[in-house]
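The primary structure of each chain is shown beneath.
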Amino acid sequence: MSRQKKIAEYLLDTKAVKLNFDEPFTYASGIRSPIYCDNRVLISHPKIRKGIAKAFIDVIKENNLEFDIIAGVATSGIPWAAFIAEELEKPMVYVRSKAKGHGMTNLVEGEFKEGDKAIVIEDLISTGGSSLTAAKGLKEAGIIVNDLIAIFTYQMKKTEEGFNNEKINLHTLSDFSTLAEKAVEKNYLSAENKDKVLEWNQDPQNWYSKHYQTEEIKEPETKNKVLLKLQKVMKEKKSNLCVAADLTTTKEILDLVEEIGDKICLLKTHIDIIEDFTPEFITKLQKLAKEKNFMIFEDRKFADIGNTVKHQFENGIYHIADWADMVNAHVLPGPGILEGLKNDKVALILLQEMSSKGNLLTPDYTKKAQEMAQEYSNYVIGFIGLNKTLKDPRFMLMTPGVKLEKGTDKLGQQYNDVESAIKKGTDIIIVGRGIYQAEDPGAEAQKYQELAWKTYNK
Ligand code: S5P
């Protein structure tokens, strides 16, 4: 068996790499993928560990790679670098893949001389970005880097280009296409799905929508009135921006709306986080909505049985059904929740996906939410989600977790940038902290509005 295949077998057998076409994995970036790789488990298998360390050494010997030191990329490259350095009785260092060190720490740890040649050891190459950052760190420290060896590569298009630009030879013990072949041989993957899986690395951003799109539905004769109005407002204002006004006093919200009201098609509220709520607040908000031509979306995320949500929607101190143009709901409780929220004036948005890390909304759940929306299309006008997997003009997709730059917060929120969010097919971007925490929320909202509208209409 070739080395590439043998290593692929190790990866599959230890479940370091998992393939799943039917229920793709979700990466931290929100990208859906049929492959998930966590090579860290490999170090727990002594025999396999030995086999992999030997494969690294074979690559070094077969290619006559010249070097003075072995450099592991922190953290996952470190154990492999240690096994190799130990076996070859050579010095070892390790290097952080973060461009910025934290305070006192060095980028390269261990002893070396300027002009030393290093072979860089890495466990996984996804885009190659972090490995290249590590290699650049070594170069900046005066170390010569000509070769990098990794256990596995996703064989993405831009990887090769990146390594060529840095003039570094990339050697890998196994790769995505060999692994897919081996997975078919071992019945981990059907031959039928292999080609679809292999398409992933060509266009990871759009792979999921391409394969999970349900049938395209033609323009319906009648549409929900709230949806028609929303589409009209969007066109009139050239805006597909929804601002999440997650502030906790009525004054802060009304001040924000004064500043951003002209730029938005929708204002999203969390009415139950307001500390000084009074019915007058609603009157003022509705007046502003009329003046500035936007609609109001109460993000209540109902999630109970029909009878309870009906009370939460119509009664209590907020009387949401009297003033919101739309509200949203989880489909977890089943169709009863949609029955409880049926209303001719207030439209419904269902959660098909969430932006938060580790959420439990699987592709199968998404599909069920879409089926329920189709069944209740008189009331349901859209989804909260990240990927337009249902192309049906009766529904709009609204995407939260959007900022000018990708990132995360400390509580699990994951941000996409405006362009990536819209490229995944969304109709409306929902922006909270990106706007209301800006120094000049009005100017910031305008930036989002212009960028989102331009990208949406490209
Ligand atoms: O999956 C979701 C669904 C929603 S509605 N993730 C979200 O972040 N939201 C809401 O969008 C969330 O409740 C908040 O009001 C807004 C995002 O705010 P930001 O400050 O992180 O932009």
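Quick notes on the rules
- Residues numbered from 1 in each chain as written.
- Predicted model: local features only at pLDDT ≥ 70, side-chain atom pairs only at ≥ 80, totals over all residues.
- Heavy atoms only, no water.
- 1 Å grid on protein atoms, 1.4 Å probe; cavity = no way out; pocket = protein on both sides within 12 Å on 5 of 7 lines; lining within 4 Å.
- Points joined across faces, edges and corners; volume = space filled by probe spheres on them.
- Pairing = 2+ DSSP bridges.
- Helix = DSSP H or I, 4+ residues; strand = E, 2+ residues; numbered from the N terminus.
- Near = heavy atom within 4 Å.
- Polar contact = N/O pair within 3.5 Å; in protein donor to acceptor, adjacent residues only side chain to side chain.
- Areas by Shrake-Rupley, 256 points an atom, 1.4 Å probe, with all protein chains shown as cover.
- Nonpolar A, V, L, I, M, F, W, Y, C, P; charged D, E, K, R; others polar.
- Phe/Tyr/Trp six-rings, centres within 6.5 Å; stacked < 30°, edge-to-face > 60°.
- Buried < 20%, exposed > 50% of the residue type's maximum accessible area, 1.4 Å probe, protein only.
- Lys NZ or Arg CZ within 6 Å of the ring centre and 35° of its normal.
- Domains from an automatic or database assignment.
- Buried area = accessible area lost by both parts, 1.4 Å probe.
- Salt bridge = Lys/Arg side-chain N within 4 Å of Asp/Glu carboxyl O.
- Core = buried A, V, L, I, M, F, W, Y, C linked by side-chain atoms within 4.5 Å.
- Contact = heavy atoms within 4.5 Å.
- Right-handed = clockwise from strand over helix to strand, strands pointing away.
- Axes fitted to C-alpha atoms, helices over the stretch in contact; angles between N-to-C directions.
- Parallel < 35°, antiparallel > 145°, perpendicular 65-115°, else oblique.
- Left-handed = near helix turned anticlockwise from the far one by under 90°.

Would you mind going over empty space enclosed by the protein with me for this structure?
Per the counting criterion, the structure on display carries one cavity of 30 Å³ or more. A volume near 50 Å³ is recorded for the largest cavity. What lines the largest cavity is simply Gln352, Gln370, Phe383, Asn387, Lys388, Thr389, Leu390, Phe395, Met396 and Leu397.

Can you help me understand the sheet that holds strand 18 (residues 402-403) in this one?
In a beta sheet, neighbouring strands are held together by backbone hydrogen bonds and run either parallel or antiparallel to one another. As summarised here, the arrangement of the three strands in space is 18-20-19, forming an open sheet in which the pairing is mixed. Every other strand in the sheet has two partners, leaving strand 18 and strand 19 (407-408) as the edge strands with one partner each.

Quick question: what am I supposed to make of the site of the ligand here?
Taken together, 15 residues lie around the ligand, and Asp246, Lys268, Ser355, Tyr415 and Arg433 are the ones closest in. Note that an oxygen atom of the ligand is positioned 2.8 Å from one of the side-chain N or O atoms of Gln413. At a separation of 2.9 Å, an oxygen atom of the ligand approaches a polar backbone atom of Gly432. Considering the ligand on its own, with 490 Å² of exposed area, one finds that the protein chains cover 91% of that surface. Classifying every residue of the shell around the ligand gives six nonpolar, four polar and five charged.

Would you take a moment to explain the packing of aromatic side chains for this structure?
Ring pairs (aromatic) are described by centroid distance and by the angle formed between their planes. Counting across every chain of the model gives 12 aromatic pairs. Measuring from centroid to centroid gives 6.1 Å for Phe152 and Tyr154, while their planes differ by 85°, and the two rings are edge-to-face. Tyr154 carries the same exposure label as Phe152, and that label is buried. Here Trp453 and Tyr456 contribute two aromatic rings whose centre-to-centre distance is 6.0 Å and whose plane-to-plane angle is 50°, an arrangement assigned as tilted. One end of the pair is Trp453 and the other is Tyr456, both in helix 17 (residues 441-456) and three residues apart, which spans about a single turn. For Tyr456, a relative accessible area of 28% translates into the label partly exposed. An aromatic cluster is present here, built from Phe152, Tyr154, Phe176 and Trp200 joined pairwise through their rings. Directly above the aromatic system of Phe67 lies the positively charged group of Lys90, at a separation of 5.2 Å from the ring centroid. Between Lys403 and the ring centre of Tyr415, over which it is positioned, the NZ or CZ distance is 4.6 Å.

Explain the domain arrangement of the protein chain here, please?
Interfaces are often described in size by the accessible area the parts lose on coming together. Partitioning the protein chain into structural domains gives domain 1 (3-211) and domain 2 (225-456). The contact between domain 1 and domain 2 buries some 980 Å² in all, and 45% of this surface belongs to carbon and sulfur atoms. Taken as a group, Arg32, Gln205 and Tyr208 account for 44% of the area that domain 1 buries against domain 2, more than any other trio of residues on that side. At the boundary of domain 1 and domain 2, one finds one salt bridge. Between Glu353 and Arg32 there is a salt bridge, with the nearest N and O atoms lying 3.5 Å from each other. Joining domain 1 to domain 2, the criterion identifies one residue pair in polar contact (both at pLDDT 80 or more). With four residues, the top contributor of residues to the side of domain 1 that touches domain 2 is helix 8 (residues 204-211). Here the residues of the side of domain 1 that touches domain 2 are counted per class, giving four nonpolar, five polar and two charged.

Help me understand the pattern of salt bridges in this model?
Proximity of charged atoms lets side chains of opposite charge pair with each other. Within this structure, the stated rule accounts for 30 salt bridges. In this structure, Asp364 and Lys368 form a salt bridge, with 3.3 Å as the shortest nitrogen-oxygen distance. In this pair, Asp364 and Lys368 are both assigned in helix 14 (residues 363-375), four residues apart and thus about one turn of the helix distant. Judged by relative accessible area, Asp364 falls into the partly exposed class, the value being 38%.

Help me understand the nonpolar core in this model?
Generally speaking, soluble globular proteins have nonpolar side chains that are buried together. Residues Leu230, Leu266, Met326, Met398 and Ile429 are the most contacted members of the largest nonpolar core, which totals 82 residues. Contact partners of Ile429, with chain neighbours within four places excluded, come to Asn240, Leu241, Cys242, Thr399, Val402, Val418, Ala421, Ile422, Tyr448 and Ala452. Core analysis: the second largest hydrophobic core is formed by 47 residues, Phe21, Ile60, Trp200 and Tyr212 among them.

Which parts of the structure should I look at to understand unusual backbone geometry?
Here the bond from Ala74 into Thr75 is cis, since omega is -10°, no more than 30 degrees from zero. Mapped onto the elements of the fold, Thr75 is located in the loop between strand 5 (69-73) and helix 3 (78-88). Despite not being glycine, Lys238 has its phi angle at roughly 50°, a positive value. Structurally, Lys238 is set in the loop between helix 9 (225-237) and strand 11 (241-244).

Sorry, what's going on with the pairing of strand 10 (residues 169-175) here?
For a regular strand, the rule is simple: side chains alternate between the two faces of the sheet. Burial of strand 10 is extensive: five of the seven residues sit out of reach of the surface. Pairing of strand 9 (residues 144-153) with strand 10, which is carried by six bridges, proceeds in the parallel orientation. Directly across from Ala150, in strand 10, lies its bridge partner Thr172. Taking the sense of rotation as the criterion, the β-α-β connection linking strand 9, helix 5 (residues 157-165) and strand 10 turns out right-handed.

What is the right way to look at the packing of helix 1 (residues 3-13) against helix 6 (residues 176-185) in this model?
Any two packed helices are characterised by how steeply their axes cross, that is the angle between the axes, and by the distance between the axes. In the contact formed by helix 1 and helix 6, the axes pass within 9 Å of each other and the chain directions differ by 65°. Classified by the angle their axes make, helix 1 and helix 6 are roughly perpendicular. Judged by the sense of rotation from one axis to the other, the crossing of helix 1 with helix 6 is right-handed. For the pair helix 1 and helix 6, contact is made by Gln4, Lys5, Ala8, Glu9, Leu11 and Leu12 and by Thr178, Leu179, Glu181, Lys182, Ala183 and Glu185, respectively. The class makeup of the residues in the contact of helix 1 with helix 6 is five nonpolar, two polar and five charged.

Can you help me understand the pairing of strand 17 (residues 396-399) in this one?
Of the two faces of strand 17, the one carrying Met396 and Met398 and the one carrying Leu397 and Thr399 are both buried. In this structure, strand 16 (residues 380-384) lies alongside strand 17, joined through three bridges in parallel fashion. Paired with Ile384 across the strands is Met398, a residue of strand 17. When strand 17 meets strand 21 (residues 428-431), the two strands line up parallel, connected through two bridges. Bridging across to strand 21, Met398 finds its partner in Ile428.

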